[in-house]
Amino acid sequence: MTETHATIPSGAPVFPPGRYGRRREPGRRRPLLVWLMVAAVVAGLSLVALQQYARYGDPEYDAEVITYTDITDTGVRVDFRVTVPEGGTAVCLLRARSHDGAEVGREEVPVDAAPGERHLTVQHRIATTARPFIGEVVRCRPAG
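The present account deals with the structure reproduced in this document. The model shown is predicted, which means the values in this text are computed figures rather than measured ones.

Focus on the sheet that holds strand 6 (residues 134-142)
Read from one edge of the open sheet, three strands run 4-3-6, paired in antiparallel fashion. Every other strand in the sheet has two partners, leaving strand 4 (103-112) and strand 6 as the edge strands with one partner each. Neighbour-to-neighbour, the strand axes of this sheet turn through a mean angle of 20°, independent of strand direction. Note: strand 3 (residues 89-97) against strand 6, eight bridges, orientation antiparallel. Bridging across to strand 6, leucine 93 finds its partner in arginine 139.

Things to note about the nonpolar core
Formed by 19 residues in total, the largest nonpolar core has its most connected members in Phe80, Val82 and Val84. When contributions to this core are tallied by element, the ones reaching two or more residues are strand 2 (75-83), strand 3, strand 4, strand 5 (119-127) and strand 6.

Focus: the state of the cysteines
For the structure on display, the rule yields one disulfide. Between the sulfur atoms of cysteine 92 and its disulfide partner cysteine 140 the distance amounts to 2.0 Å. Note on the cysteine 92 and cysteine 140 pair: the S-S dihedral is about 110°, so by sign convention the disulfide is right-handed. A residue pair is termed long-range when its members are at least 10 positions apart, and cysteine 92 in strand 3 and cysteine 140 in strand 6 qualify at 48 residues. Overall, cysteine 92 belongs to the buried group, its relative accessible area being 0%. Classification of cysteine 140 as buried rests on a relative accessible area of 12%.

Reading the values: the criteria
Residues numbered from 1 in each chain as written. Predicted model: local features only at pLDDT ≥ 70, side-chain atom pairs only at ≥ 80, totals over all residues. Heavy atoms only, no water. Pairing = 2+ DSSP bridges. Helix = DSSP H or I, 4+ residues; strand = E, 2+ residues; numbered from the N terminus. Axes fitted to C-alpha atoms, helices over the stretch in contact; angles between N-to-C directions. Core = buried A, V, L, I, M, F, W, Y, C linked by side-chain atoms within 4.5 Å. Buried < 20%, exposed > 50% of the residue type's maximum accessible area, 1.4 Å probe, protein only. Disulfide = S-S within 2.5 Å.

Now the structure itself:
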């Protein structure tokens, strides 16, 4: 006895009986296993992110540019505010870029806070190899 199109649901494949083994039920899933795997991956990535933040991210050393002025063909003056731990020291990397975005000057500037002081305002002139368009603070890190 053969099956006809009237007895086979549309879109369902027809296989010879006993030839390919037992077929799985179409609606059977394992959502608990999937959620456990997702939770393990998220936990692992969170652990890696926390380790990298502890190693490279230091919120106690922060800098922001107040202004950059006195632009000439040989330099630019950058005024910036630095936050360091109370009475701490930092080294800030400053750079000057030309109008096309090329780096034309770069200097590391040591910054020392007085005892009990956390916020410093610093002025520094960056010597450049061409006329700068902007002066900026790239980052500040602990000295040493």
